[in-house]
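# Fold and geometry: a report
Listed below are the residues making up each chain.
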Amino acid sequence: MEKLKIEGGNPLKGNIKVSGAKNSAVALIPATILADSPTVIEGLPDISDVHTLKALLEEIGGSVEFEDGEMRVNPEGMVAMPLPNGRVKKLRASYYLMGAMLGKFKKAAIGLPGGCYLGPRPIDQHIKGFEALGATVTNEQGALYLRADELKGARIYLDVVSVGATINIMLAAVRAKGQTIIENAAKEPEIIDVATLLSNMGANIKGAGTNVIRIEGVDELHGTRHTIIPDRIEAGTFMILAAAAGEGVTINNVIPLHVESLIAKLREMGVPVEIGDEDVYIGKSENLKSIDIQTLVYPGFPTDLQQPMTSLMTKIHGTAMVTDTIYSARFKHIDELKRMNANIKTEGRAAIVYGPSVLQGARVKASDLRAGAALVIAGLMAEGITEVTGLEHIDRGYSDLIEKLSGLGAVIWREEMSAEELEQVNNA
Ligand SMILES: CC(=O)N[C@H]1[C@@H](OP(=O)(O)OP(=O)(O)OC[C@H]2O[C@@H](n3ccc(=O)[nH]c3=O)[C@H](O)[C@@H]2O)O[C@H](CO)[C@@H](O)[C@@H]1O
Ligand SMILES: C=C(OP(=O)(O)O)C(=O)O
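The model shown is predicted, which means the values in this text are computed figures rather than measured ones.

When helices and strands are tallied, the chain shows 14 helices and 23 strands. Taken against the 2.2 N^0.38 rule, which gives 22 Å for 428 residues, the C-alpha radius of gyration of the chain at 22 Å falls within 12% of a compact globule. In the chain, which comprises 428 residues, the proportion classed as buried is 51%. Restricting to contacts in the chain with at least 6 residues of sequence separation, those with at least 24 account for 71%.

Set out below in C-alpha coordinates:
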(Lines give C-alpha, C1' and ligand atoms only; values in the text may rest on other atoms or scores of the structure.)
(Ligands and ions follow the chains in the order given, each with its own letter.)
Protein backbone atom coordinates (compact mmCIF):
# COMPACT_ATOMS: atom_id res chain seq x y z
CA MET A 1 0.00 0.00 0.00
CA GLU A 2 1.19 3.50 -0.80
CA LYS A 3 1.13 6.88 0.91
CA LEU A 4 1.35 10.33 -0.59
CA LYS A 5 4.13 12.71 0.39
CA ILE A 6 3.95 16.44 -0.16
CA GLU A 7 6.65 19.03 0.45
CA GLY A 8 4.63 22.15 1.19
CA GLY A 9 5.32 25.79 0.48
CA ASN A 10 6.29 25.51 -3.20
CA PRO A 11 4.37 28.15 -5.18
CA LEU A 12 2.13 26.65 -7.87
CA LYS A 13 2.08 28.23 -11.34
CA GLY A 14 0.92 27.35 -14.83
CA ASN A 15 -1.91 25.33 -16.36
CA ILE A 16 -3.80 22.29 -15.11
CA LYS A 17 -6.41 20.34 -17.05
CA VAL A 18 -9.62 18.95 -15.64
CA SER A 19 -10.72 15.39 -16.56
CA GLY A 20 -14.20 14.03 -17.28
CA ALA A 21 -16.73 14.16 -14.44
CA LYS A 22 -16.63 11.26 -11.98
CA ASN A 23 -20.21 11.78 -10.89
CA SER A 24 -21.36 11.65 -14.53
CA ALA A 25 -19.10 8.75 -15.46
CA VAL A 26 -20.50 6.54 -12.73
CA ALA A 27 -24.01 6.93 -14.18
CA LEU A 28 -23.12 7.03 -17.90
CA ILE A 29 -21.34 3.66 -17.70
CA PRO A 30 -24.33 1.77 -16.20
CA ALA A 31 -26.62 3.60 -18.70
CA THR A 32 -24.87 1.75 -21.56
CA ILE A 33 -26.60 -1.44 -20.36
CA LEU A 34 -29.90 -0.03 -21.64
CA ALA A 35 -28.84 -0.02 -25.30
CA ASP A 36 -29.04 -3.00 -27.65
CA SER A 37 -25.85 -2.07 -29.51
CA PRO A 38 -22.39 -0.69 -28.53
CA THR A 39 -21.95 2.72 -26.94
CA VAL A 40 -18.71 4.71 -26.82
CA ILE A 41 -18.06 7.25 -24.06
CA GLU A 42 -15.16 9.66 -24.59
CA GLY A 43 -13.18 11.63 -22.01
CA LEU A 44 -13.67 9.33 -19.02
CA PRO A 45 -11.36 9.92 -16.06
CA ASP A 46 -8.83 7.20 -15.21
CA ILE A 47 -10.13 6.61 -11.67
CA SER A 48 -10.86 3.46 -9.71
CA ASP A 49 -14.66 3.99 -9.75
CA VAL A 50 -14.56 3.79 -13.57
CA HIS A 51 -12.43 0.61 -13.48
CA THR A 52 -14.78 -0.97 -10.91
CA LEU A 53 -17.83 -0.23 -13.08
CA LYS A 54 -16.04 -1.63 -16.15
CA ALA A 55 -15.44 -4.88 -14.22
CA LEU A 56 -19.11 -4.95 -13.11
CA LEU A 57 -20.33 -4.63 -16.72
CA GLU A 58 -18.00 -7.49 -17.65
CA GLU A 59 -19.33 -9.53 -14.73
CA ILE A 60 -22.85 -9.36 -16.21
CA GLY A 61 -21.56 -10.46 -19.63
CA GLY A 62 -20.77 -7.20 -21.42
CA SER A 63 -17.58 -6.70 -23.39
CA VAL A 64 -15.81 -3.50 -22.48
CA GLU A 65 -12.69 -1.87 -23.90
CA PHE A 66 -11.16 1.13 -22.11
CA GLU A 67 -8.16 3.02 -23.47
CA ASP A 68 -7.07 6.67 -23.35
CA GLY A 69 -10.30 7.73 -21.65
CA GLU A 70 -12.50 6.10 -24.29
CA MET A 71 -14.77 3.26 -23.23
CA ARG A 72 -16.61 1.05 -25.70
CA VAL A 73 -19.34 -1.09 -24.18
CA ASN A 74 -20.95 -3.89 -26.16
CA PRO A 75 -24.06 -4.90 -24.19
CA GLU A 76 -25.01 -7.84 -26.43
CA GLY A 77 -23.96 -10.63 -24.04
CA MET A 78 -25.34 -8.97 -20.90
CA VAL A 79 -27.72 -10.89 -18.63
CA ALA A 80 -29.57 -10.01 -15.41
CA MET A 81 -26.84 -11.55 -13.27
CA PRO A 82 -27.40 -10.96 -9.54
CA LEU A 83 -24.62 -8.86 -7.97
CA PRO A 84 -25.38 -9.14 -4.25
CA ASN A 85 -21.74 -8.92 -3.06
CA GLY A 86 -18.22 -8.12 -4.19
CA ARG A 87 -17.36 -5.10 -6.28
CA VAL A 88 -20.74 -3.38 -5.90
CA LYS A 89 -19.77 -2.61 -2.31
CA LYS A 90 -16.74 -0.61 -3.43
CA LEU A 91 -18.67 2.37 -4.67
CA ARG A 92 -21.82 4.31 -4.05
CA ALA A 93 -22.79 4.56 -7.67
CA SER A 94 -23.25 0.81 -8.10
CA TYR A 95 -26.85 1.70 -7.24
CA TYR A 96 -27.23 2.94 -10.83
CA LEU A 97 -27.04 -0.72 -11.91
CA MET A 98 -30.45 -1.08 -10.23
CA GLY A 99 -32.19 1.46 -12.48
CA ALA A 100 -30.35 0.39 -15.64
CA MET A 101 -30.86 -3.37 -15.15
CA LEU A 102 -34.48 -2.89 -14.09
CA GLY A 103 -35.08 -0.82 -17.25
CA LYS A 104 -33.43 -3.37 -19.50
CA PHE A 105 -34.23 -6.77 -17.91
CA LYS A 106 -37.18 -5.84 -15.61
CA LYS A 107 -35.17 -7.33 -12.76
CA ALA A 108 -32.00 -6.68 -10.80
CA ALA A 109 -30.30 -7.89 -7.61
CA ILE A 110 -27.68 -5.48 -6.37
CA GLY A 111 -25.86 -5.36 -3.01
CA LEU A 112 -26.45 -2.22 -1.00
CA PRO A 113 -23.83 0.27 -2.15
CA GLY A 114 -20.57 1.39 -0.52
CA GLY A 115 -18.77 4.66 -1.22
CA CYS A 116 -17.71 7.36 1.17
CA TYR A 117 -19.28 7.44 4.61
CA LEU A 118 -20.58 10.97 5.06
CA GLY A 119 -23.36 10.30 7.55
CA PRO A 120 -26.55 8.40 6.67
CA ARG A 121 -26.99 7.95 2.92
CA PRO A 122 -30.46 6.42 2.52
CA ILE A 123 -31.83 5.32 -0.87
CA ASP A 124 -35.52 5.34 0.04
CA GLN A 125 -36.35 7.81 -2.76
CA HIS A 126 -34.76 5.50 -5.37
CA ILE A 127 -36.91 2.65 -4.06
CA LYS A 128 -40.03 4.83 -3.97
CA GLY A 129 -39.42 5.62 -7.65
CA PHE A 130 -38.86 1.99 -8.70
CA GLU A 131 -42.01 0.92 -6.85
CA ALA A 132 -44.04 3.70 -8.48
CA LEU A 133 -42.90 2.31 -11.87
CA GLY A 134 -44.33 -1.09 -10.88
CA ALA A 135 -41.35 -2.95 -9.40
CA THR A 136 -41.43 -4.90 -6.17
CA VAL A 137 -38.35 -4.22 -4.11
CA THR A 138 -37.19 -6.49 -1.29
CA ASN A 139 -34.09 -6.40 0.87
CA GLU A 140 -32.64 -9.91 1.12
CA GLN A 141 -29.48 -10.25 3.19
CA GLY A 142 -28.08 -6.86 2.34
CA ALA A 143 -28.98 -6.87 -1.34
CA LEU A 144 -31.98 -5.25 -3.03
CA TYR A 145 -34.01 -7.51 -5.32
CA LEU A 146 -36.08 -5.63 -7.87
CA ARG A 147 -38.66 -7.40 -10.02
CA ALA A 148 -41.38 -6.18 -12.40
CA ASP A 149 -43.61 -7.92 -14.96
CA GLU A 150 -43.76 -4.63 -16.75
CA LEU A 151 -42.65 -1.09 -15.95
CA LYS A 152 -45.33 1.58 -16.29
CA GLY A 153 -44.74 5.32 -16.33
CA ALA A 154 -45.79 7.18 -13.18
CA ARG A 155 -45.80 10.60 -11.54
CA ILE A 156 -43.10 10.56 -8.86
CA TYR A 157 -42.57 13.37 -6.38
CA LEU A 158 -39.18 13.19 -4.64
CA ASP A 159 -39.46 14.02 -0.94
CA VAL A 160 -35.81 15.11 -0.93
CA VAL A 161 -33.90 16.54 -3.87
CA SER A 162 -31.58 13.67 -4.73
CA VAL A 163 -29.12 13.41 -7.61
CA GLY A 164 -28.92 9.63 -7.24
CA ALA A 165 -32.70 9.07 -7.12
CA THR A 166 -33.34 11.42 -10.07
CA ILE A 167 -30.82 9.59 -12.29
CA ASN A 168 -31.81 6.11 -11.13
CA ILE A 169 -35.51 6.72 -11.82
CA MET A 170 -34.63 8.20 -15.22
CA LEU A 171 -32.62 5.06 -16.09
CA ALA A 172 -35.57 2.76 -15.38
CA ALA A 173 -38.29 5.05 -16.78
CA VAL A 174 -36.77 5.42 -20.28
CA ARG A 175 -37.80 1.79 -20.91
CA ALA A 176 -41.18 1.93 -19.09
CA LYS A 177 -44.52 2.03 -20.91
CA GLY A 178 -46.00 5.54 -21.07
CA GLN A 179 -45.08 8.79 -19.37
CA THR A 180 -43.07 9.30 -16.19
CA ILE A 181 -42.91 12.68 -14.49
CA ILE A 182 -40.25 13.25 -11.85
CA GLU A 183 -41.18 16.21 -9.68
CA ASN A 184 -38.78 17.96 -7.31
CA ALA A 185 -35.96 16.46 -9.39
CA ALA A 186 -32.33 17.42 -8.78
CA LYS A 187 -30.81 19.84 -11.34
CA GLU A 188 -27.09 18.95 -11.26
CA PRO A 189 -25.15 19.13 -14.57
CA GLU A 190 -24.47 15.38 -14.29
CA ILE A 191 -28.23 14.76 -14.66
CA ILE A 192 -28.26 16.70 -17.93
CA ASP A 193 -25.22 14.72 -19.12
CA VAL A 194 -26.94 11.38 -18.45
CA ALA A 195 -30.16 12.63 -20.10
CA THR A 196 -28.13 13.70 -23.16
CA LEU A 197 -26.60 10.23 -23.49
CA LEU A 198 -30.00 8.54 -23.06
CA SER A 199 -31.64 10.90 -25.59
CA ASN A 200 -28.89 10.12 -28.11
CA MET A 201 -29.65 6.43 -27.51
CA GLY A 202 -33.25 7.10 -28.56
CA ALA A 203 -34.90 7.99 -25.23
CA ASN A 204 -37.48 10.73 -24.98
CA ILE A 205 -36.61 13.01 -22.02
CA LYS A 206 -37.62 16.63 -21.47
CA GLY A 207 -36.72 18.99 -18.65
CA ALA A 208 -33.43 17.51 -17.39
CA GLY A 209 -31.71 20.33 -15.50
CA THR A 210 -35.03 21.67 -14.19
CA ASN A 211 -37.02 20.34 -11.26
CA VAL A 212 -39.61 18.58 -13.44
CA ILE A 213 -38.40 15.86 -15.81
CA ARG A 214 -40.82 14.26 -18.29
CA ILE A 215 -39.93 10.92 -19.84
CA GLU A 216 -41.89 9.11 -22.54
CA GLY A 217 -40.87 5.45 -22.42
CA VAL A 218 -39.58 3.71 -25.57
CA ASP A 219 -39.28 0.00 -26.49
CA GLU A 220 -35.68 0.08 -27.65
CA LEU A 221 -32.50 2.07 -27.16
CA HIS A 222 -29.46 1.91 -29.43
CA GLY A 223 -25.77 2.56 -28.91
CA THR A 224 -24.27 5.99 -29.53
CA ARG A 225 -21.11 8.07 -29.02
CA HIS A 226 -20.96 10.53 -26.14
CA THR A 227 -18.40 12.97 -24.74
CA ILE A 228 -18.59 13.40 -20.99
CA ILE A 229 -18.76 16.85 -19.33
CA PRO A 230 -15.73 18.14 -17.38
CA ASP A 231 -15.61 17.40 -13.66
CA ARG A 232 -16.85 20.51 -11.83
CA ILE A 233 -15.66 19.10 -8.49
CA GLU A 234 -12.14 18.43 -9.77
CA ALA A 235 -12.17 21.92 -11.33
CA GLY A 236 -13.29 23.36 -8.00
CA THR A 237 -10.60 21.44 -6.14
CA PHE A 238 -7.93 22.90 -8.46
CA MET A 239 -9.37 26.42 -8.10
CA ILE A 240 -9.24 26.11 -4.32
CA LEU A 241 -5.70 24.74 -4.29
CA ALA A 242 -4.64 27.54 -6.64
CA ALA A 243 -6.07 30.08 -4.18
CA ALA A 244 -4.39 28.25 -1.29
CA ALA A 245 -0.89 27.80 -2.70
CA GLY A 246 -0.78 29.36 -6.17
CA GLU A 247 0.86 32.33 -7.79
CA GLY A 248 -1.20 32.39 -10.97
CA VAL A 249 -2.86 29.14 -12.11
CA THR A 250 -5.13 28.56 -15.11
CA ILE A 251 -7.56 25.67 -14.84
CA ASN A 252 -8.46 24.36 -18.31
CA ASN A 253 -11.47 22.35 -19.48
CA VAL A 254 -14.00 23.97 -17.14
CA ILE A 255 -17.61 24.97 -17.75
CA PRO A 256 -17.52 28.18 -15.66
CA LEU A 257 -21.31 28.12 -15.14
CA HIS A 258 -20.92 24.82 -13.27
CA VAL A 259 -18.61 26.42 -10.67
CA GLU A 260 -20.46 29.74 -10.26
CA SER A 261 -21.17 29.28 -6.56
CA LEU A 262 -17.49 28.60 -5.88
CA ILE A 263 -16.38 31.59 -7.99
CA ALA A 264 -18.75 33.84 -6.00
CA LYS A 265 -17.37 32.58 -2.68
CA LEU A 266 -13.72 32.86 -3.76
CA ARG A 267 -14.32 36.45 -4.89
CA GLU A 268 -16.04 37.21 -1.59
CA MET A 269 -12.86 36.03 0.15
CA GLY A 270 -10.77 38.34 -2.02
CA VAL A 271 -9.30 35.71 -4.37
CA PRO A 272 -8.60 37.14 -7.86
CA VAL A 273 -10.65 35.09 -10.38
CA GLU A 274 -10.79 35.62 -14.15
CA ILE A 275 -13.28 33.64 -16.20
CA GLY A 276 -12.63 32.53 -19.78
CA ASP A 277 -14.85 30.49 -22.12
CA GLU A 278 -13.53 27.14 -20.96
CA ASP A 279 -11.00 28.09 -18.31
CA VAL A 280 -10.69 29.91 -15.03
CA TYR A 281 -7.59 31.82 -13.87
CA ILE A 282 -6.87 32.13 -10.15
CA GLY A 283 -4.37 34.81 -9.16
CA LYS A 284 -2.13 34.99 -6.07
CA SER A 285 -4.35 35.33 -3.03
CA GLU A 286 -3.40 37.38 0.03
CA ASN A 287 -5.19 38.71 3.11
CA LEU A 288 -8.24 36.52 2.61
CA LYS A 289 -11.44 37.76 4.20
CA SER A 290 -13.69 35.61 6.30
CA ILE A 291 -16.81 34.11 4.68
CA ASP A 292 -19.50 31.61 5.59
CA ILE A 293 -20.51 28.67 3.43
CA GLN A 294 -23.62 26.57 3.39
CA THR A 295 -23.78 23.54 1.12
CA LEU A 296 -26.95 23.24 -0.92
CA VAL A 297 -28.33 21.38 -3.89
CA TYR A 298 -27.15 22.68 -7.29
CA PRO A 299 -26.74 25.53 -8.15
CA GLY A 300 -25.91 26.09 -4.47
CA PHE A 301 -22.45 25.48 -3.03
CA PRO A 302 -21.60 21.76 -3.56
CA THR A 303 -21.12 19.50 -0.54
CA ASP A 304 -18.18 17.91 -2.40
CA LEU A 305 -16.20 21.18 -2.24
CA GLN A 306 -16.94 21.92 1.39
CA GLN A 307 -13.98 19.85 2.63
CA PRO A 308 -11.33 21.28 0.24
CA MET A 309 -12.66 24.77 1.01
CA THR A 310 -12.08 24.26 4.74
CA SER A 311 -8.34 23.89 4.10
CA LEU A 312 -8.26 27.21 2.22
CA MET A 313 -10.23 28.86 5.02
CA THR A 314 -7.36 28.29 7.46
CA LYS A 315 -5.74 31.24 5.62
CA ILE A 316 -8.49 33.75 6.32
CA HIS A 317 -8.13 36.65 8.73
CA GLY A 318 -11.04 36.10 11.07
CA THR A 319 -13.65 33.42 11.66
CA ALA A 320 -15.50 31.42 9.01
CA MET A 321 -18.29 28.89 9.25
CA VAL A 322 -19.00 25.92 6.96
CA THR A 323 -22.42 24.30 7.30
CA ASP A 324 -23.17 21.08 5.42
CA THR A 325 -26.93 20.80 4.94
CA ILE A 326 -26.56 17.73 2.67
CA TYR A 327 -24.36 15.42 4.77
CA SER A 328 -24.28 15.71 8.56
CA ALA A 329 -21.02 13.85 9.17
CA ARG A 330 -18.81 15.17 6.37
CA PHE A 331 -16.27 16.51 8.84
CA LYS A 332 -13.72 13.73 9.27
CA HIS A 333 -11.05 15.91 7.68
CA ILE A 334 -11.26 18.41 10.53
CA ASP A 335 -9.35 16.32 13.09
CA GLU A 336 -6.64 15.75 10.50
CA LEU A 337 -6.41 19.47 9.69
CA LYS A 338 -6.08 20.11 13.43
CA ARG A 339 -3.05 17.80 13.49
CA MET A 340 -1.60 20.21 10.94
CA ASN A 341 -2.11 23.17 13.31
CA ALA A 342 -5.48 24.38 12.01
CA ASN A 343 -7.78 25.96 14.58
CA ILE A 344 -11.23 24.52 13.81
CA LYS A 345 -14.18 23.54 15.96
CA THR A 346 -17.12 21.38 14.85
CA GLU A 347 -20.61 21.95 16.17
CA GLY A 348 -23.30 19.65 14.79
CA ARG A 349 -23.45 20.17 11.03
CA ALA A 350 -21.04 23.10 11.11
CA ALA A 351 -17.29 23.68 11.29
CA ILE A 352 -15.98 26.99 12.58
CA VAL A 353 -12.53 27.96 11.32
CA TYR A 354 -10.43 30.49 13.22
CA GLY A 355 -7.75 31.93 10.98
CA PRO A 356 -5.13 32.54 9.98
CA SER A 357 -3.06 29.48 10.92
CA VAL A 358 0.31 28.49 9.55
CA LEU A 359 -0.21 24.82 8.69
CA GLN A 360 2.54 22.35 9.60
CA GLY A 361 3.30 19.12 7.76
CA ALA A 362 2.06 16.02 9.59
CA ARG A 363 1.01 12.38 9.10
CA VAL A 364 -2.69 12.42 8.24
CA LYS A 365 -5.29 9.98 6.96
CA ALA A 366 -7.89 10.54 4.26
CA SER A 367 -11.16 9.11 5.58
CA ASP A 368 -13.02 9.72 2.31
CA LEU A 369 -12.50 11.14 -1.17
CA ARG A 370 -12.92 14.88 -0.60
CA ALA A 371 -11.29 14.68 2.84
CA GLY A 372 -8.29 13.41 0.84
CA ALA A 373 -8.49 16.43 -1.48
CA ALA A 374 -8.67 18.73 1.56
CA LEU A 375 -5.52 17.15 3.03
CA VAL A 376 -3.60 17.39 -0.25
CA ILE A 377 -4.43 21.12 -0.38
CA ALA A 378 -3.40 21.52 3.26
CA GLY A 379 -0.14 19.67 2.51
CA LEU A 380 0.63 22.06 -0.37
CA MET A 381 0.06 25.02 1.98
CA ALA A 382 1.95 23.59 4.97
CA GLU A 383 5.52 24.07 6.17
CA GLY A 384 7.50 20.83 5.84
CA ILE A 385 6.43 17.38 4.72
CA THR A 386 2.89 16.01 4.91
CA GLU A 387 2.16 12.29 4.55
CA VAL A 388 -1.34 11.29 3.50
CA THR A 389 -2.62 7.72 3.82
CA GLY A 390 -6.00 6.38 2.67
CA LEU A 391 -5.10 6.92 -0.98
CA GLU A 392 -7.70 4.40 -2.10
CA HIS A 393 -10.28 7.12 -1.45
CA ILE A 394 -8.41 9.77 -3.45
CA ASP A 395 -7.92 7.29 -6.32
CA ARG A 396 -11.72 6.94 -6.60
CA GLY A 397 -12.06 10.47 -7.88
CA TYR A 398 -8.86 12.18 -9.05
CA SER A 399 -7.05 10.93 -12.12
CA ASP A 400 -3.30 11.50 -12.57
CA LEU A 401 -3.22 13.76 -9.51
CA ILE A 402 0.56 13.58 -9.00
CA GLU A 403 1.32 14.29 -12.65
CA LYS A 404 -1.17 17.16 -12.77
CA LEU A 405 0.07 18.84 -9.57
CA SER A 406 3.74 18.27 -10.44
CA GLY A 407 3.01 20.16 -13.67
CA LEU A 408 2.23 23.21 -11.53
CA GLY A 409 5.50 22.88 -9.60
CA ALA A 410 4.18 20.94 -6.61
CA VAL A 411 6.62 18.57 -4.93
CA ILE A 412 4.43 15.51 -4.43
CA TRP A 413 5.08 11.79 -4.80
CA ARG A 414 3.83 8.32 -3.81
CA GLU A 415 5.86 6.02 -1.62
CA GLU A 416 5.35 2.40 -0.56
CA MET A 417 4.45 2.11 3.13
CA SER A 418 6.63 0.05 5.45
CA ALA A 419 5.13 -2.93 7.33
CA GLU A 420 5.33 -0.91 10.55
CA GLU A 421 3.51 2.07 9.02
CA LEU A 422 0.83 -0.24 7.61
CA GLU A 423 0.23 -1.68 11.04
CA GLN A 424 -0.03 1.81 12.57
CA VAL A 425 -2.58 2.91 9.94
CA ASN A 426 -4.64 -0.27 10.33
CA ASN A 427 -4.71 0.10 14.11
CA ALA A 428 -5.59 3.83 14.05
C1 LIG B 1 -27.81 17.30 -3.70
C2 LIG B 1 -26.37 17.02 -3.53
O3 LIG B 1 -25.63 17.80 -3.01
N4 LIG B 1 -25.94 15.85 -4.04
C5 LIG B 1 -24.59 15.41 -3.89
C6 LIG B 1 -24.59 14.02 -3.34
O7 LIG B 1 -25.20 13.19 -4.30
P8 LIG B 1 -25.79 11.80 -3.88
O9 LIG B 1 -26.33 11.25 -5.13
O10 LIG B 1 -24.90 10.96 -3.07
O11 LIG B 1 -26.81 12.26 -2.90
P12 LIG B 1 -28.24 12.67 -3.23
O13 LIG B 1 -28.26 13.88 -4.09
O14 LIG B 1 -28.90 11.46 -3.70
O15 LIG B 1 -28.71 13.03 -1.77
C16 LIG B 1 -28.96 14.35 -1.34
C17 LIG B 1 -29.57 14.27 0.05
O18 LIG B 1 -30.76 13.50 0.03
C19 LIG B 1 -30.71 12.41 0.94
N20 LIG B 1 -31.36 11.27 0.30
C21 LIG B 1 -30.93 10.83 -0.91
C22 LIG B 1 -31.54 9.76 -1.54
C23 LIG B 1 -32.61 9.12 -0.90
O24 LIG B 1 -33.20 8.15 -1.40
N25 LIG B 1 -33.00 9.57 0.31
C26 LIG B 1 -32.41 10.64 0.93
O27 LIG B 1 -32.80 11.02 2.03
C28 LIG B 1 -29.22 12.18 1.16
O29 LIG B 1 -28.98 11.56 2.41
C30 LIG B 1 -28.67 13.59 1.09
O31 LIG B 1 -28.82 14.25 2.33
O32 LIG B 1 -23.32 13.59 -3.05
C33 LIG B 1 -22.55 13.46 -4.21
C34 LIG B 1 -21.22 12.90 -3.78
O35 LIG B 1 -20.75 13.60 -2.69
C36 LIG B 1 -22.47 14.82 -4.90
O37 LIG B 1 -21.72 14.73 -6.04
C38 LIG B 1 -23.86 15.37 -5.18
O39 LIG B 1 -23.82 16.63 -5.77
C1 LIG C 1 -18.45 11.25 -1.88
C2 LIG C 1 -18.33 11.20 -3.18
O3 LIG C 1 -18.56 10.11 -3.91
P4 LIG C 1 -19.55 8.90 -3.62
O5 LIG C 1 -20.93 9.49 -3.60
O6 LIG C 1 -19.32 8.05 -4.80
O7 LIG C 1 -19.17 8.28 -2.32
C8 LIG C 1 -17.85 12.39 -3.92
O9 LIG C 1 -17.88 12.40 -5.15
O10 LIG C 1 -17.44 13.36 -3.25
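So, about helix α4 (residues 124-132). Every buried residue of α4 is listed here: Q125, H126, G129, F130 and A132. Along the long axis of α4, the arc covered by the buried residues comes to 160°, so they all point the same way. In the core, the buried residues of α4 are packed alongside α3 (96-105), β7 (136-140), β8 (143-147), β9 (155-157) and α5 (163-173). Of the residues trailing α4, G134 is marked for its positive phi of about 110°.

The next subject is the site of ligand 1. Lining the immediate surroundings of ligand 1 are 22 residues, of which Q125, S162, V163, G164 and V297 lie closest. Counting residues per element, the ones that place at least two in the shell around ligand 1 are α4, α5 and α9 (303-313). Per-class residue counts for the shell around ligand 1 are twelve nonpolar, six polar and four charged. Two domains share the shell around ligand 1, each providing at least three of its residues, namely domain 1 (2-19 + 230-427) and domain 2 (22-227).

The next subject is the domain arrangement of the chain. As far as domains go, the chain holds domain 1 (2-19 + 230-427) and domain 2 (22-227). A C-alpha centroid distance of 30 Å is found between domain 1 and domain 2. On the side of domain 2, 16 residues touch domain 1, which itself brings 19 residues to the contact. A breakdown of the residues in the side of domain 1 that touches domain 2 according to their chemical character gives six nonpolar, six polar and seven charged.

Our focus in this paragraph is the sheet that holds strand β23 (residues 411-416). Ordered by their spatial adjacency, four strands build an open sheet running β21-β22-β1-β23, and the pairing between neighbours is mixed. Only two strands of the sheet have a single neighbouring strand rather than two, namely β21 (363-365) and β23. Neighbouring strand axes in the sheet, compared pairwise and without regard to direction, differ in orientation by 25° on average. Note: β21 against strand β22 (residues 385-389), three bridges, orientation parallel. What sits directly across from V364, in β22, is V388.

Neighbouring ligand 2 are K22, N23, L91, R92, A93, G115, C116, D304, L369, R370 and G397. Of all the elements in the fold, those that place two or more residues in the shell around ligand 2 are α1 (22-31) and α11 (369-381). Here the residues of the shell around ligand 2 sort into four nonpolar, three polar and four charged. When residues of the shell around ligand 2 are assigned to domains, at least three fall in each of domain 1 (2-19 + 230-427) and domain 2 (22-227).

Look at the UniProt record and you will see "active site" (unreviewed entry) annotated at C116. In this fold, C116 is placed in the loop between β6 (107-111) and α4. When the 21 C-beta atoms within 10 Å are taken as the criterion, C116 is described as buried. Leaving out residues up to four positions away in the same chain, C116 has contacts with D368, L369 and H393.

This part is about the sheet that holds strand β20 (residues 350-355). Strand order in the open sheet made by the four strands is β17-β18-β20-β19, with mixed pairing throughout. The open sheet has two edge strands with one neighbour each: β17 (292-295) and β19 (344-347). Ignoring strand direction, the axes of neighbouring strands in this sheet form an average angle of 15°. Pairing of β19 with β20, which is carried by four bridges, proceeds in the antiparallel orientation. Looking at β20, one finds that T346 is bridged to A351. Along the sheet, α9 makes contact with β17, β18 (318-324) and β20, crossing β18 at roughly 165°.

Okay, the environment of E58 next. Position of E58 relative to the elements: it lies in helix α2 (residues 48-59). Expressed as a C-alpha distance, the spacing of E58 and P75, which sit 17 residues apart in the sequence, is 9.3 Å.

To continue, consider the packing of α3 against α5. Helices that pack against each other are described as a pair by the angle of their axes relative to one another and the distance between those axes. In the contact formed by α3 and α5, the axes pass within 7 Å of each other and the chain directions differ by 15°. Taken as axis vectors, α3 and α5 run roughly parallel relative to one another. Seen along the crossing, α3 lies across α5 with a hand that is right-handed. Between α3 and α5, the residues in contact are Y96, M98, G99, A100, L102 and G103 and I167, N168, I169, L171 and A172, respectively. Tallied by class, the residues present in the contact of α3 with α5 amount to eight nonpolar, three polar and no charged.

This part covers the pairing of β17. By the alternation rule, side chains of β17 split into I293 and T295, which are all buried, and D292 and Q294, of which none is buried. Relative to β18, β17 is paired through four bridges, and the arrangement is parallel. Note that in β18 the partner of I293 across the bridge is V322. A crossover connection joins β17 to the parallel β18 through α9; in handedness this β-α-β unit is right-handed.

With that out of the way, let us pick up the UniProt feature "binding site: phosphoenolpyruvate" (unreviewed entry) in the chain. According to UniProt, the "binding site: phosphoenolpyruvate" (unreviewed entry) feature falls on K22 and N23. Residues contacting K22, with those up to four places away along its chain left out, are P45, I47, D49, D231 and G397. On the secondary structure map, N23 appears in helix α1. Classification of N23 as buried rests on a count of 26 C-beta atoms within 10 Å.

Calculation notes
Residues numbered from 1 in each chain as written. Chains lettered and ligands numbered in written order. Predicted model: local features only at pLDDT ≥ 70, side-chain atom pairs only at ≥ 80, totals over all residues. Helix = DSSP H or I, 4+ residues; strand = E, 2+ residues; numbered from the N terminus. Rg over C-alpha atoms; globule rule 2.2 N^0.38 Å. Buried ≥ 20, exposed ≤ 12 C-beta atoms within 10 Å, placed from the backbone. Contact = placed C-beta atoms within 7 Å. Arc of directions from axis to C-beta. Near = placed C-beta within 6 Å. Nonpolar A, V, L, I, M, F, W, Y, C, P; charged D, E, K, R; others polar. Domains from an automatic or database assignment. Pairing = 2+ DSSP bridges. Axes fitted to C-alpha atoms, helices over the stretch in contact; angles between N-to-C directions. UniProt positions renumbered as here; feature names shortened; annotations may be inferred. Parallel < 35°, antiparallel > 145°, perpendicular 65-115°, else oblique. Left-handed = near helix turned anticlockwise from the far one by under 90°. Right-handed = clockwise from strand over helix to strand, strands pointing away.

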